[in-house]
Amino acid sequence: MHLTLYLRIPGLVELETLKSHWAEVAGILSRDDFLPLQMVTIWLLKVPPSSVTTIPNLVDEIRNWMPVLDARSVLRVTPWMFLAN
């Protein structure tokens, strides 16, 4: 079983909102019902402007939210040419 999440994070406000709710998401995905889940892929489809944060910093921050899922999660960034401005 595989779960894919698509995230659009246009700015820091949305990033902070997502961060505040991510513990709930991680808690749900760590329940026994989701033990068969082999992989969680998170695609970043839209990111804050580079003047606000860099892609590596954003990726590091989001990875820090996922310690429960770390062994079975993959964080991917959409190819640059497809990132929304």
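In what follows, the accompanying structure is described. Note that this is a predicted model, so its numbers are computed, not measured. (Residues numbered from 1 in each chain as written. Predicted model: local features only at pLDDT ≥ 70, side-chain atom pairs only at ≥ 80, totals over all residues. Heavy atoms only, no water.)

A look at the pattern of salt bridges
Here is step 1 of the chain: Under the definition given, this model contains one salt bridge.
Here is step 2 of the chain: Notably, a salt bridge pairs K19 with E61, separated by 3.9 Å at the nearest N-O pair. Taken as a pair, K19 in helix α1 (residues 12-29) and E61 in helix α2 (residues 55-65) lie far apart in primary sequence, 42 residues in all.
Here is step 3 of the chain: K19 sits in the partly exposed class, given a relative accessible area of 40%.
Here is step 4 of the chain: The exposure class of E61 is partly exposed, given its relative accessible area of 24%. (Salt bridge = Lys/Arg side-chain N within 4 Å of Asp/Glu carboxyl O. Helix = DSSP H or I, 4+ residues; strand = E, 2+ residues; numbered from the N terminus. Buried < 20%, exposed > 50% of the residue type's maximum accessible area, 1.4 Å probe, protein only.)

Let's talk about the packing of α1 against α2
Here is step 1 of the chain: As a packed pair, α1 and α2 sit with axes 10 Å apart at the nearest point and diverge in direction by 20°. Taken as axis vectors, α1 and α2 run roughly parallel relative to one another. Here α1 and α2 pass one another in a crossing that is right-handed. Counting all contacts with α1, which are made through L15, E16, L18, K19 and W22, the residues of α2 involved are L58, E61 and W65.
Here is step 2 of the chain: A class-by-class count of the residues in the contact of α1 with α2 yields five nonpolar, no polar and three charged. (Axes fitted to C-alpha atoms, helices over the stretch in contact; angles between N-to-C directions. Parallel < 35°, antiparallel > 145°, perpendicular 65-115°, else oblique. Left-handed = near helix turned anticlockwise from the far one by under 90°. Contact = heavy atoms within 4.5 Å. Nonpolar A, V, L, I, M, F, W, Y, C, P; charged D, E, K, R; others polar.)

Things to note about the side chain of T41
Here is step 1 of the chain: Along the chain, the position of T41 falls in strand β2 (residues 39-46).
Here is step 2 of the chain: In terms of polar contacts, T41 uses its side chain to reach the side chain of H2, at 2.9 Å.
Here is step 3 of the chain: Contacts of T41, omitting those with residues within four sequence positions, involve H2, L3, T4, L5, V74 and R76. (Polar contact = N/O pair within 3.5 Å; in protein donor to acceptor, adjacent residues only side chain to side chain.)

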